[in-house]
Amino acid sequence: MGVTGVVTHPLVSGTDDDQESRLKARDLLVPETVVSDRFSQYADLGSGRFFEILTEEVTALTDADTATNGYWDGGTQDNPHWTVSSMATVADDTLSRGVVEAAAGQSYDEYVADYDAETRSSIAFEQSSTRTDRGAEWQMNMLQTYGDDSDATVIRYTDRMRIQFFDNVLLGTIVFGPRQEPPELATMLEAFTTQQHAQYRAHTATP
């Protein structure tokens, strides 16, 4: 699954009313209701490398409210054809965008390197990243060349990760799947990131 990890809900201080009204990371994940019925949900994603790196850099985030989830389809759970995963962190203080992007970039580089090491030599990996006012995105393409003709190179699979920043809230969305088969990954990513943003706005809107 790459850089995401297990769902955790650390205890927070304050009264019961404070905890009821507090924005919760688990409420900002991609819900099962918006994912196609063909996908199955992962029971446990393990501890994500991204969060390990991030908390090494910012130890105060160790106690932040963090949650992740994920879904898979095709192949097997350990080697699926499609995956969708999401993550959210609600910190006490404003997040440092530079630190978060550095942690995300490092974890993504490690993920691609590990994937490359486990994949046959006929598959090449191509990486890119972009940055916007509100977030950042990383992409990995798995390329296969047939014979000696470079024109016969096709993108077999693509992985895309997008993170969004909202003061003390971090949202992350990852999609992975075959490039030549529907649904289109860019459409999936846009739909799920928009869903997470809408959930954030719904939970932070002033009554």
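Just above, that's the structure.
Residues numbered from 1 in each chain as written. Predicted model: local features only at pLDDT ≥ 70, side-chain atom pairs only at ≥ 80, totals over all residues. Heavy atoms only, no water.

Right, let's get into the packing of aromatic side chains. Enumeration over the complete set of coordinates arrives at seven aromatic pairs. Judged by centre distance (6.2 Å) and plane angle (35°), the rings of Tyr115 and Phe176 are tilted. Placement of Tyr115 in helix H3 (residues 97–118) and of Phe176 in strand E7 (residues 169–178) is noted, with a sequence separation of 61 residues between them. Looking at Phe176, the relative accessible area reads 5%, which means it is buried. An aromatic cluster is defined as three or more aromatic residues linked by ring pairs; in this entry it consists of Tyr108, Tyr111, Tyr115, Phe125, Tyr157 and Phe176. For Arg38, the ring lying beneath its charged end belongs to Trp82, and the centroid distance is 5.1 Å. (Phe/Tyr/Trp six-rings, centres within 6.5 Å; stacked < 30°, edge-to-face > 60°. Helix = DSSP H or I, 4+ residues; strand = E, 2+ residues; numbered from the N terminus. Buried < 20%, exposed > 50% of the residue type's maximum accessible area, 1.4 Å probe, protein only. Lys NZ or Arg CZ within 6 Å of the ring centre and 35° of its normal.)

Another point: unusual backbone geometry. Cis geometry marks the peptide bond from Pro182 to Pro183, where omega comes out at 0°. For Pro183, the location among the structural elements is in the loop between E7 and helix H4 (185–204). At Asp167, a residue that is not glycine, the phi angle is positive and equals roughly 60°.

What follows covers the sheet that holds strand E4 (residues 123–131). Taken in spatial order, the seven strands make up an open sheet running E1-E2-E3-E7-E6-E5-E4, and their pairing is antiparallel. The open sheet has two edge strands with one neighbour each: strand E1 (40–41) and E4. Note: E1 against strand E2 (residues 65–75), two bridges, orientation antiparallel. Residue pairing in the sheet places Ser40 in a bridge with Trp72 of E2. Against the sheet, helix H2 (residues 49–57) contacts E2, strand E3 (80–90) and E7, and its axis sits at roughly 25° relative to E3. Across the sheet, H3 lies against E4, strand E5 (135–145), strand E6 (153–166) and E7, angled at about 15° from E5, the strand it touches most. (Pairing = 2+ DSSP bridges. Contact = heavy atoms within 4.5 Å. Axes fitted to C-alpha atoms, helices over the stretch in contact; angles between N-to-C directions.)

Read these as layout, nothing more, since geometry by itself doesn't imply function.
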